[in-house]
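Chain and residue survey
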Amino acid sequence: MLATALVLVAALLHAAWNTLIKFSAERLLVVACMDTVALLFVALALPFVSLPPVQIWPWILASAAFELLYRYLLIQAYRVGDLGLVYPLMRGLSPLVVLALTLIFAGEVLTTQQIFGIMLIPFGMVCLLWQGGGGGRLPWSMLPVVALIGLCIGCYTYIDGQALRRWSHPLDYLVWVTLLSAWPFPLLAWVARRPAFLQFWREQWKLGLAVGFCVLFSYALVLWAMQLGSIAEAAALREISVILVVLFGMRYLKEPFGRPRLLACGLVLIGMLVMKF
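Residues numbered from 1 in each chain as written. Predicted model: local features only at pLDDT ≥ 70, side-chain atom pairs only at ≥ 80, totals over all residues. Heavy atoms only, no water.

Turning next to the UniProt feature "transmembrane region" (unreviewed entry) in the protein chain. The feature "transmembrane region" (unreviewed entry), as annotated in UniProt, sits at residues 28-49, 56-73, 85-106, 115-132, 138-159, 171-192, 204-224 and 259-275 in this numbering. Secondary structure over residues 56-73 splits into 94% helix and 0% strand, and the C-alpha atoms at its two ends are 26 Å apart. Secondary structure over residues 85-106 splits into 100% helix and 0% strand, and the C-alpha atoms at its two ends are 31 Å apart. (UniProt positions renumbered as here; feature names shortened; annotations may be inferred. Helix = DSSP H or I, 4+ residues; strand = E, 2+ residues; numbered from the N terminus.)

Have a look at this one:
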């Protein structure tokens, strides 16, 4: 029950920071500010965490690499697609990736009911391709990018779960992964767009602080939840954020809802209920 609660809170925070990034026209600067805030938080925590064992560093490096690629691709996808279309598609693929990696490499045992529930979630995302999900269609040329984002999410989720199986210090792990993954975008913004970056901080520092807090805290909650329970189930449960993002997009970005998005949300919810009951 605790793991479920942690994942659901993380889903809310994850939906919130993705909505904030999509809402802003300066997505590179938002991500740079987000990572700057995350870096400040983990820098303050650094004296209080332990150094990972040598065998954990490959997992940390791999997770950080996938997260960097995920951030870059996310900026590209949000430039051309609806939040309520891009986000569900990329998130819908990740549970399948985690499920496949878990069953093949980790030997984690899931019931038939759990597997069926996990499978319902990405199938729900396919509904979004029907008539553009009720809104502006994501260009077909961007679908491989969105699929690659889902692959990155699935890979770093699996990597994080396996790392925590070997080193059960979720907060320490979070600090070291963030230190490696959160500096490139602030550096890029400082070198390539320094005046705009400084102006953005002066005028929208509250946005940067909010996004940074949401991304760091949601990540911490998911790591904690994966340590407590099934990695594949935690990855699938987090996709409740799909429903929240569709609603946020409709409310704050004036995106249409439509039957495909309604059907997708319904399948996500049914999948969660099948897994848990």
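The final tally for this structure, using the stated rule, is three salt bridges. Arg193 is the salt-bridge partner of Glu26, the closest N and O atoms lying 2.9 Å from each other. Taken together, the residues Glu26 in the loop between helix 1 (2-23) and helix 2 (27-45) and Arg193 in the loop between helix 8 (184-192) and helix 9 (194-228) connect sequence positions 167 residues apart. One salt bridge in this structure joins Asp35 and Arg71, with 3.1 Å as the shortest N-O distance. In this pair, Asp35 is assigned in helix 2 and Arg71 in helix 3 (residues 57-78), connecting sequence segments 36 residues apart. As far as burial versus exposure is concerned, Asp35 and Arg71 are alike and both buried. (Salt bridge = Lys/Arg side-chain N within 4 Å of Asp/Glu carboxyl O. Buried < 20%, exposed > 50% of the residue type's maximum accessible area, 1.4 Å probe, protein only.)

It is worth spelling out the packing of aromatic side chains at this point. A full pass over the atoms with the stated rule returns three aromatic pairs. Ring centres 5.6 Å apart and planes at 70° place the aromatic pair Trp57 and Trp176 in the edge-to-face group. Taken together, the residues Trp57 in helix 3 and Trp176 in helix 7 (residues 170-181) connect sequence positions 119 residues apart. Here the aromatic rings of Phe213 and Phe217 are separated by 5.4 Å at their centres, their planes lie at 20°, and the arrangement is stacked. In this pair, Phe213 and Phe217 are both assigned in helix 9, four residues apart and thus about one turn of the helix distant. (Phe/Tyr/Trp six-rings, centres within 6.5 Å; stacked < 30°, edge-to-face > 60°.)

Here we take up empty space enclosed by the protein. One pass over the structure, following the stated rule, counts two cavities of 30 Å³ or more. When its volume is computed, the largest cavity comes out at roughly 200 Å³. Those elements that provide at least two residues to the lining of the largest cavity are helix 1, helix 2, helix 3, helix 7 and helix 9. Here the element with the most residues in the lining of the largest cavity is helix 9; it accounts for four residues. (1 Å grid on protein atoms, 1.4 Å probe; cavity = no way out; pocket = protein on both sides within 12 Å on 5 of 7 lines; lining within 4 Å. Points joined across faces, edges and corners; volume = space filled by probe spheres on them.)

With that settled, consider the packing of helix 3 against helix 7. Remark: helix 3 packs on helix 7, axes separated minimally by 9 Å, with the N-to-C direction vectors making an angle of 50°. For the element pair helix 3 / helix 7, the angle class is oblique. Crossing of helix 3 over helix 7 shows right-handed handedness. On helix 7, the residues that touch Trp57, Trp59, Ile60, Leu61, Ser63, Ala64, Glu67, Leu68 and Arg71 of helix 3 are Tyr173, Trp176, Val177, Leu180 and Ser181. For the contact of helix 3 with helix 7, the class distribution of residues is 10 nonpolar, two polar and two charged. (Axes fitted to C-alpha atoms, helices over the stretch in contact; angles between N-to-C directions. Parallel < 35°, antiparallel > 145°, perpendicular 65-115°, else oblique. Left-handed = near helix turned anticlockwise from the far one by under 90°. Contact = heavy atoms within 4.5 Å. Nonpolar A, V, L, I, M, F, W, Y, C, P; charged D, E, K, R; others polar.)

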